[in-house]
Amino acid sequence: MTDELLVVRAQLGDRAALAELVARWRVPVWTYVRRMLDAERADDVSQEIWLAVIRGLPRLREPARFAPWLFTIARRSVTDRLRGQYAREHEHAHESLAAGDVTVDDPVDAAVDRAELVSLLSGLPMPEREILVLFYLQDLSVEDCAQICEIPAGTVKSRLNRARRLLRSHLEEKGYRP
């Protein structure tokens, strides 16, 4: 059964169709979120995404566009989580400076921790990483990526190109030669 048909049936109240949609898209959504955030936050954000999908599904006007709609929700949820994290970190930094609790982290320890926890993909800037994940790992078209990220298709193509160059550069730095 196609996603479009499942969406229409779910909009009409068919719980089995909704369950099938969730089963079909649960792993791709979690994979996308995981590649954008750490594992702990990926589970929480994925649940938030599915709540938003269930609430918003009755208002989806183009059932054939379910995948881009779903990943738009996912992208916004990831962005919201990152904004919240950055705001808390910024607030904490100001509180520490005001209290005089300035500590200098050992850059070597930080680099070792990061190398253990972060894959090569996470070394990319967020805009390039996002496009790479959507295009290659979620198999979405340039047009769908553009719709999800709310940018022109030409920008998607330029970010893909930059992401490829950055990945190649990172791989060469690590000694990988094609």
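Residues numbered from 1 in each chain as written. Predicted model: local features only at pLDDT ≥ 70, side-chain atom pairs only at ≥ 80, totals over all residues. Heavy atoms only, no water.

Undergrad: Can you lay out the overall build of the protein chain for me, pointing to particular residues and giving the numbers?
TA: Helices and strands together make up the secondary structure of the protein chain, namely eight helices and zero strands. Going residue by residue from the N terminus, the α and β elements of the protein chain occur as α-α-α-α-α-α-α-α. In the protein chain, which comprises 178 residues, the proportion classed as buried is 35%. Intrachain contacts of the protein chain at a sequence separation of at least 6 include 61% that bridge at least 24 residues. Of the roughly 11,200 Å² that the protein chain leaves accessible, carbon and sulfur atoms contribute 54%. (Helix = DSSP H or I, 4+ residues; strand = E, 2+ residues; numbered from the N terminus. Buried < 20%, exposed > 50% of the residue type's maximum accessible area, 1.4 Å probe, protein only. Contact = heavy atoms within 4.5 Å. Areas by Shrake-Rupley, 256 points an atom, 1.4 Å probe, with all protein chains shown as cover.)

Undergrad: Run through the environment of Arg164, naming residues and quoting values.
TA: Note that Arg164 resides in helix α8 (residues 153-173). Separated by 40 residues in the primary sequence, Arg164 and Leu124 place their C-alpha atoms 9.8 Å from one another.

Undergrad: Can you explain the packing of helix α1 (residues 3-11) against helix α2 (residues 15-36)? Please cite residues and give values.
TA: A pair of packed helices is captured by two measures, namely the crossing angle of their axes and the spacing between those axes. As a packed pair, α1 and α2 sit with axes 8 Å apart at the nearest point and diverge in direction by 140 degrees. With respect to α2, the axis of α1 lies oblique. The handedness of the crossing between α1 and α2 is left-handed. Contact residues: Asp3, Leu6, Val7, Arg9 and Ala10 in α1; Ala17, Leu18, Glu20, Leu21, Arg24 and Trp25 in α2. Grouping the constituent residues of the contact of α1 with α2 by class yields seven nonpolar, no polar and four charged. (Axes fitted to C-alpha atoms, helices over the stretch in contact; angles between N-to-C directions. Parallel < 35°, antiparallel > 145°, perpendicular 65-115°, else oblique. Left-handed = near helix turned anticlockwise from the far one by under 90°. Nonpolar A, V, L, I, M, F, W, Y, C, P; charged D, E, K, R; others polar.)

Undergrad: Which residues make up the nonpolar core, and what values do they have?
TA: Judged by nonpolar contacts, the single largest core of 44 residues is most densely connected at Tyr32, Val33, Ile49 and Phe66. At the level of secondary structure, the elements contributing two or more residues to this core comprise α1, α2, α3 (39-56), α4 (66-99), α6 (126-137), α7 (142-149) and α8. With nine residues, the top contributor of residues to this core is α4. Both domain 1 (1-110) and domain 2 (112-178) contribute no fewer than three residues apiece to this core. (Core = buried A, V, L, I, M, F, W, Y, C linked by side-chain atoms within 4.5 Å. Domains from an automatic or database assignment.)

Undergrad: Would you mind going over α2 in detail, with residue names and values included?
TA: Here α2 is 22 residues long and its end C-alpha atoms lie 30 Å apart, about the 32 Å a rise of 1.5 Å per residue gives. The axis of α2 is deflected most strongly, by about 45 degrees, at Trp25, and proline Pro28 appears within four residues downstream. Those residues of α2 not exposed but buried are Ala17, Leu21, Trp25, Val29, Thr31, Tyr32, Val33 and Met36. Among the residues of α2, the N-terminal cap falls to Asp14, whose side-chain oxygen and the backbone nitrogen of Ala16 are separated by 2.9 Å. (Expected span 1.5 Å × (residues − 1). Bend = angle between axes of the 7 residues up to and from the residue. Polar contact = N/O pair within 3.5 Å; in protein donor to acceptor, adjacent residues only side chain to side chain.)

Undergrad: Please provide a residue-by-residue account of unusual backbone geometry, values included.
TA: With a phi angle near 55 degrees, Asp139 is a residue other than glycine that sits in the positive phi range. Residue placement: Asp139 occurs in the loop between α6 and α7. Of note in this structure, Glu150 is not a glycine but carries a positive phi near 55 degrees. Along the chain, Glu150 turns up in the loop between α7 and α8.

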